[in-house]
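What follows is the residue order along each chain.
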Amino acid sequence: MASNSPASEGIEIQEPPTAGAWGEWNPTEDTVRPVRGKHRVAKQRGGLARSSTVLGVGVIAAVGASGIATAQDRPQVAISLPSLPDLMPGDNGRQGGGGPAAADAAGQGGTTGIIPQQADRSADAGEILRNRILQQAESQHEAAEAKARAEAEQAAQQAAAQEAKDKLEAARQAAEEAKAQAEAKAAEEAESARKAAEAAAAQERPAAAAGSWSLPTSAYTLTSHYGVAGSMWSSGHHTGLDFAAPTGTPVKAVGAGKITSAGWSGAYGYRIVLELQDGTEVWYCHLSSMSVTSGAVGAGDTIGRVGATGNVTGPHLHLEVRKGGSTMDPLAWLESKGLNV
């Protein structure tokens, strides 16, 4: 039996079971026990409880009184719940009874309900998830590209460093080879000069017997004679006789005498002055070294070595012969002593 109270609106209650199942069932005012506490059942004038709560209490009382009903024997009580549009605020179903028309109106979109909102939220969540997945994939792709670029740059730097190292090693090897070649060449030239000096000494011309005179050097070539004009000489002409010979060739005293001067002399380079017994001075210029710098010497004694010091263009012995402060032709003077120059 349907109740007209507001609490039972929208709820359908089946009729009590027949007497054959439980016996006579008449939930009257006398059979309903008063409920203690705050929840009390309001009495109805018609003698029957109209609320769903009273009906439930009556069912429980009937089961307790019979004592024979079991859970399997109890008939199910069908309770219908209000439709979703009835629960929405401001819905027409609450005002008009929540019938099928209200449900149809909610299904047709007349009023925004829970299901459309859930669908929209699900769509939004799916779109957010899709965007996050795309962003994550893009981030992973960018990270992979950045890693590949870093590896490529590192490989390029390593290759450049290796190339620079190889070039440096090649340059070092080339420098060592050039140094070795230069040293070998210098040693070869020094050996050649030494052999030439030894050969010149071995082939030294014998001194003339007359007056015990000696040529000033050996293995020579006459290059510039006395009196030749030129701007290379401060006096405007050549004042001696040049004997071109390798550096280190021995220089000898042309006759007996004494060394009066030995040392540096400007354009003459290293110079030795030999004074003979008759007062004639013989100058030995552009020497590379001086063996005797003072004292008496005899004809043919080695007093120095051919060099290229002072104002020269190459190694040679510049020989000057002076008497009374004036120069004379060395070639003519040597020949006058019986020497074959």
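*Asks:* Can you help me understand the overall build of the protein in this one?
*Replies:* The helix and strand inventory of the protein stands at seven helices and ten strands. For the protein, the proportion of its 341 residues judged to be buried stands at 23%. Of all intrachain contacts in the protein linking residues separated by at least 6 positions in sequence, the fraction that spans at least 24 positions is 58%. For the protein, the exposed area adds up to about 22,400 Å²; of that, 53% sits on carbon and sulfur atoms.

*Asks:* Looking at this structure, I do not really get the side chain of T249. What am I missing?
*Replies:* Topologically, T249 is positioned in the loop between β2 (241-244) and β3 (250-252). Exposure remark for T249: the relative accessible area of 1% places this residue in the buried category. When sequence neighbours within four positions are dropped, the list of residues in contact with T249 reads T217, S218, G304, R305 and V306.

*Asks:* What exactly am I supposed to notice about the nonpolar core here?
*Replies:* The tendency in soluble globular proteins is for nonpolar side chains to be buried side by side. Counting 26 residues, the largest nonpolar core has Y284, I303 and W333 as its most contacted members. Contributing elements (two or more residues each) for this core: β2, β5 (270-276), β6 (281-290), β8 (302-306), β9 (316-323) and α7 (330-336). Residues within four places of I303 in sequence aside, it is in contact with V251, K252, A253, I259, I272, Y284, M290, S291, V292 and V297.

*Asks:* I keep staring at the packing of aromatic side chains and nothing clicks. Help me out?
*Replies:* Ring pairs (aromatic) are described by centroid distance and by the angle formed between their planes. In this structure the tally under the stated criterion is four aromatic pairs. Considering the side-chain rings of W213 and W333, the 5.8 Å spacing of their centres and the 80° angle between planes classify their relative orientation as edge-to-face. Highlighted residues: W213 in the loop between α6 (114-202) and β1 (221-222) and W333 in helix α7, separated in sequence by 120 residues. Both residues of the pair, W213 and W333, belong to the buried class. With a centroid separation of 5.1 Å and 80° between ring planes, the pair formed by W264 and Y270 is classed as edge-to-face. Exposure remark for Y270: the relative accessible area of 33% places this residue in the partly exposed category. Here the guanidinium or amino end of R271 rests over the ring plane of W283, the centre of that ring lying 4.4 Å away.

*Asks:* Which parts of the structure should I look at to understand the pairing of β6?
*Replies:* In this structure, β5 lies alongside β6, joined through five bridges in antiparallel fashion. Counted as the bridge partner of V273 is W283 from β6. The hairpin turn running from β5 into β6, its antiparallel successor, is four residues long, and G279 in that turn takes a positive phi close to 90°. Pairing analysis gives five bridges linking β6 to β9, with the strands arranged antiparallel. Along β9, the bridge assignment pairs C285 with H318.

*Asks:* It is not clear to me how the pattern of salt bridges should be interpreted in this structure. Could you clarify?
*Replies:* Under the defined criterion, the tally for this structure stands at seven salt bridges. Of the charged contacts in the structure, one is a salt bridge between E169 and R172, with a shortest N-O distance of 2.3 Å. Taken as a pair, E169 and R172 lie in helix α6 at a separation of three residues, close to a single helical turn. The class of R172 is partly exposed, set by a relative accessible area of 38%. R172 is the salt-bridge partner of E176, the closest N and O atoms lying 2.5 Å from each other. Residue E176 and its partner R172 are located together in helix α6, separated by four residues, close to a single helical turn.

*Asks:* Can you walk me through the pairing of β2 in this structure?
*Replies:* Within a regular beta strand, the side chains point alternately toward one face of the sheet and then the other, so they alternate between its two faces. Alignment of β1 against β2, held across two bridges, turns out to be antiparallel. The residue bridging L222 from the neighbouring strand is F243, located in β2. One ladder, built from four bridges, connects β2 with β9; its direction is antiparallel. Residue pairing for β9: L241 is matched across the bridge by L319.

*Asks:* I would appreciate a short explanation of unusual backbone geometry in the present structure.
*Replies:* Outside of glycine, negative phi angles account for most residues, and trans bonds account for most peptide bonds. Located in the positive-phi region is A219, a residue other than glycine, with phi close to 55°. Counting through the fold element by element, A219 comes out in the loop between α6 and β1. For A219, a relative accessible area of 40% puts it in the partly exposed group. Here H286, not a glycine, exhibits a phi torsion of approximately 65°, which is positive. Here H286 is to be found in strand β6.

*Asks:* Please clarify how the side chain of H318 should be interpreted in this entry.
*Replies:* Looking at the secondary structure, you find H318 in strand β9. Side-chain polar atoms of H318 contact the side chain of E320, separated by 2.8 Å. Dropping the residues within four chain positions of it, H318 is found in contact with H238, T239, G240, L241, D242, Y268, W283, Y284, C285 and H286.

*Asks:* It is not clear to me how the confidence of the model for the protein should be interpreted in this structure. Could you clarify?
*Replies:* The predicted coordinates should not be examined in detail at positions where pLDDT is low. Confidence in the prediction of the protein, expressed as mean pLDDT, is 75, and 60% of residues score 70 or more. Under a pLDDT of 50 for its full length, residues 1-14 has, in the predicted model, 21 contacts with residues more than four places off or in other chains.

Conventions used here
Residues numbered from 1 in each chain as written. Predicted model: local features only at pLDDT ≥ 70, side-chain atom pairs only at ≥ 80, totals over all residues. Heavy atoms only, no water. Helix = DSSP H or I, 4+ residues; strand = E, 2+ residues; numbered from the N terminus. Buried < 20%, exposed > 50% of the residue type's maximum accessible area, 1.4 Å probe, protein only. Contact = heavy atoms within 4.5 Å. Areas by Shrake-Rupley, 256 points an atom, 1.4 Å probe, with all protein chains shown as cover. Core = buried A, V, L, I, M, F, W, Y, C linked by side-chain atoms within 4.5 Å. Phe/Tyr/Trp six-rings, centres within 6.5 Å; stacked < 30°, edge-to-face > 60°. Lys NZ or Arg CZ within 6 Å of the ring centre and 35° of its normal. Pairing = 2+ DSSP bridges. Salt bridge = Lys/Arg side-chain N within 4 Å of Asp/Glu carboxyl O. Polar contact = N/O pair within 3.5 Å; in protein donor to acceptor, adjacent residues only side chain to side chain. pLDDT = per-residue confidence, 0-100.

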